[in-house]
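So the chains spell out like this:
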Amino acid sequence: MKSSSPADGAFALRDGALHCERVPLEAIAQRFGTPTYVYSRAAIEAAFRSYRDALAGRPALVCYAMKANSNLAVLDLLARLGAGFDIVSGGELARALAAGGDPRKVVFSGVGKTEEEIAQALAAGILCFNLESVAELETIERVAARLGKRAPVSVRVNPDVDPKTHRYIATGLKSNKFGVAWSDAVALYRRAAKLAHVEVVGIDCHIGSQITELKPYVDAADLVLDLVDELQRDGIRLHHVDFGGGLGICYRDEVPPAIGELIAALLARVDARGHADKTILVEPGRSVVGNAGALLARTIVVKRGAERNFAIVDAAMNDLMRPALYDAWMDVQPVRPRDSGAIVCDVVGPVCESGDWLARERALALAPGDLIAVMGAGAYGMSMASNYNTRGRAAEVVVDGDRVYCVRRRERVEDLFAGESVLP
Ligand SMILES: *Cc1c(COP(=O)(O)O)cnc(C)c1O
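Caption draft 1: Representation of the overall build of the protein chain in the model. Within the protein chain, the secondary structure is distributed over 12 helices and 21 strands. For 424 residues, the compact-globule estimate of 2.2 N^0.38 gives 22 Å, and the protein chain sits close to it at 23 Å. Principal-axis analysis of the C-alpha atoms places the extent of the protein chain at approximately 70 × 65 × 40 Å. Taking all contacts inside the protein chain whose residues are at least 6 apart in sequence as the whole, residues at least 24 apart take part in 71%. For the protein chain, the accessible surface area stands at approximately 17,800 Å², while carbon and sulfur atoms represent 51% of it.

Next comes the structure, spelled out in structure tokens:
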């Protein structure tokens, strides 16, 4: 079985050319230029609804992990469907609020929250801080006392479960910087329960990203529920259990569990362990937006070498960092496939780094001017983009049926140094 990603079908060949929903990508390139991120509204909404529907009839909240794609239009679409947000910075909180997100549905994760960010989140009235250390607990208590507030907290526990993913995106191992060690969690809860300006409300775990198996999730869930039981025996009752995000998508041939399948497996554990009364939270990022987006780029030159051929395109590692950072395999599709003339080539950008590549050893028939689409680029694409080589960041558009909306204009070169100055 191929991945049952709800985004399947958002991008398809029609009359010999790649479309997003009902819009030809050629029309988008002509109107908005390249490189441009193209997102399908229907695909984003379908993925979110899969989470929401799988949790229907329960006290539950889907907190979209906005670092995957934090464009205001994306956040707004999800907020309209009832999404909460998982944030990792004060900047993300500001974005969530600017997009009309409800602060009472925001959870704040991250290992290095500053006092300023904590104060900002307390003033906004967020649902919960996901604590990642004892030191952070003390800081939150101090800031909350100063502001005369009570800070709702969960402890992000580290279950030491191997999510079987790339080492850069495994987060729930003992060796990772994330979360509180299993053996320290109960003591931290006891300490938190005694503080006047902190209120213990939940427990949280997030073991990694691009997870394609159910087992690590179920194992982590059972460990988390063990802790819930232990805390309950200690007189600490939790209101919610947050199972984090991390569900993988199909980039190449992975077959991750369907969203509904994952949620059903988690709920089965929750019920079997007698915790049906708890509010369930999840923090999906990639699986909501990943397959809903593509990066549209244009071929500049095709360079045939003695050992390798290169298709040099106008998108680069600054636009899409996943290949350079994680050695990620991303599918490259010609927007108008040619019948013949394919050569094996590396698809690379113009940036001055050998690490600047988007795809390696692909059979593609490309000529200068031809458009390509890098598929599965809706998550950790634009949100990781930089201005390296003084390259303005790409435009972003959302396709809705036969309409296209520009949701972020292409960055202009004068934007790039507007904040800089020279010495007198
Ligand atoms: C990044 C992150 C997520 C989302 O991970 P995905 O793999 O994109 O689903 C969820 N929770 C936390 C704490 C994160 O850091």
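Still more to cover.
Caption draft 2: Just the sheet that holds strand β2 (residues 17-20), in detail. Taken in spatial order, the three strands of this open sheet run β1-β2-β3, and their pairing is antiparallel. Because the sheet does not close on itself, it has two edges, and the strands there are β1 (11-14) and β3 (23-24). Bridge analysis of β2 against β3 gives two bridges, and the strand direction is antiparallel. Counterpart to H19 in the pairing with β3 is P24.

Caption draft 3: Summary view of the domain arrangement of the protein chain. For the protein chain, the domain assignment lists domain 1 (11-40 + 290-416) and domain 2 (109-284). Placing a centre on the C-alpha atoms of domain 1 and another on those of domain 2 gives a separation of 36 Å. Residue-level contacts link nine residues of domain 1 with seven residues of domain 2. Contact between domain 1 and domain 2 buries roughly 810 Å² in total, counting both sides, with carbon and sulfur atoms accounting for 58%.

Caption draft 4: Fine view of the nonpolar core. In this structure, L25, I28, V38, Y64, F85, F129 and I203 are the most contacted members of the largest nonpolar core, which totals 125 residues. With eight residues, the single largest contributor to this core is helix α8 (residues 215-233). Two domains share this core, each providing at least three of its residues, namely domain 1 (11-40 + 290-416) and domain 2 (109-284). Apart from the residues lying within four places of it in its own chain, the contact partners of F85 are C63, Y64, M66, L75, A79, A96, G101, K105, V106 and V107. Among the nonpolar cores identified, the runner-up in size contains six residues, and L61, V107, C128 and V201 belong to it.

Caption draft 5: Spotlight on the pairing of strand β4 (residues 36-40). Counting buried positions along β4 yields five of five residues, so the element is predominantly enclosed. With burial as the criterion, each face of β4 is covered, one bearing T36, V38 and S40 and the other bearing Y37 and Y39. Direction of pairing for β4 relative to strand β14 (residues 293-304): antiparallel, over a ladder of four bridges. Residue pairing in the sheet places T36 in a bridge with L296 of β14. Across five bridges, β4 lies against strand β20 (residues 395-400) in parallel orientation. When the sheet's bridge partners are listed, Y37 is paired in β20 with E396.

Caption draft 6: Geometry of the confidence of the model for the protein chain. Counting all residues, the mean pLDDT for the protein chain is 95, and 96% of those residues have values of 70 or more. For the protein chain, strand β10 (residues 180-181) is the element with the lowest average pLDDT, namely 90, and β4 is the one with the highest, namely 99. The low-confidence segment residues 1-7 (pLDDT under 50) makes 15 contacts with residues lying over four places distant or belonging to another chain.

Caption draft 7: Structural detail: the pattern of salt bridges. One pass over the full model with this rule turns up 29 salt bridges. A salt bridge links R273 to D222, with the shortest nitrogen-to-oxygen separation between them at 2.9 Å. Of this pair, R273 sits in the loop between α9 (259-272) and β13 (279-282) while D222 sits in helix α8, and the two are 51 residues apart along the sequence. Residue R409 is joined to D415 by a salt bridge in which the shortest nitrogen-to-oxygen separation is 2.9 Å. Of the residues examined, R409 reaches a relative accessible area of 44% and is grouped as partly exposed. A cluster of three or more residues bridged by salt bridges with shared partners is formed by D222, D226, D229, R269 and R273.

Caption draft 8: The site of the ligand, seen in detail. Looking at the ligand, there are 14 residues lining it, with K67, S209, E283, R286 and Y380 nearest. The separation between a nitrogen atom of the ligand and a polar side-chain atom of D86 is 3.2 Å. One of the side-chain nitrogen or oxygen atoms of H206 is found 3.5 Å away from a nitrogen atom of the ligand. Isolated, the ligand exposes 390 Å² of accessible area, and the fraction of that covered by the protein chains is 95%. In terms of residue class, the shell around the ligand is built from three nonpolar, six polar and five charged.

Caption draft 9: A look at the environment of G112. Mapped onto the elements, G112 comes out in the loop between β7 (106-108) and α5 (115-124). With relative accessibility at 55%, the residue G112 sits in the exposed group. With 24 residues separating them along the chain, G112 and E136 place their C-alpha atoms 8.1 Å apart.

Caption draft 10: View of the side chain of K113. Along the chain, K113 falls in the loop between β7 and α5. One polar contact links the side chain of K113 to the main-chain carbonyl oxygen of N130, over a distance of 2.8 Å. A polar side-chain atom of K113 sits 2.6 Å from a polar atom in the side chain of E136. When neighbours within four sequence positions are excluded, K113 is seen to be in contact with F108, I118, F129, N130, E132 and E136.

Cut-off values and rules
Residues numbered from 1 in each chain as written. Predicted model: local features only at pLDDT ≥ 70, side-chain atom pairs only at ≥ 80, totals over all residues. Heavy atoms only, no water. Helix = DSSP H or I, 4+ residues; strand = E, 2+ residues; numbered from the N terminus. Rg over C-alpha atoms; globule rule 2.2 N^0.38 Å. Contact = heavy atoms within 4.5 Å. Areas by Shrake-Rupley, 256 points an atom, 1.4 Å probe, with all protein chains shown as cover. Pairing = 2+ DSSP bridges. Domains from an automatic or database assignment. Buried area = accessible area lost by both parts, 1.4 Å probe. Core = buried A, V, L, I, M, F, W, Y, C linked by side-chain atoms within 4.5 Å. Buried < 20%, exposed > 50% of the residue type's maximum accessible area, 1.4 Å probe, protein only. pLDDT = per-residue confidence, 0-100. Salt bridge = Lys/Arg side-chain N within 4 Å of Asp/Glu carboxyl O. Near = heavy atom within 4 Å. Polar contact = N/O pair within 3.5 Å; in protein donor to acceptor, adjacent residues only side chain to side chain. Nonpolar A, V, L, I, M, F, W, Y, C, P; charged D, E, K, R; others polar.

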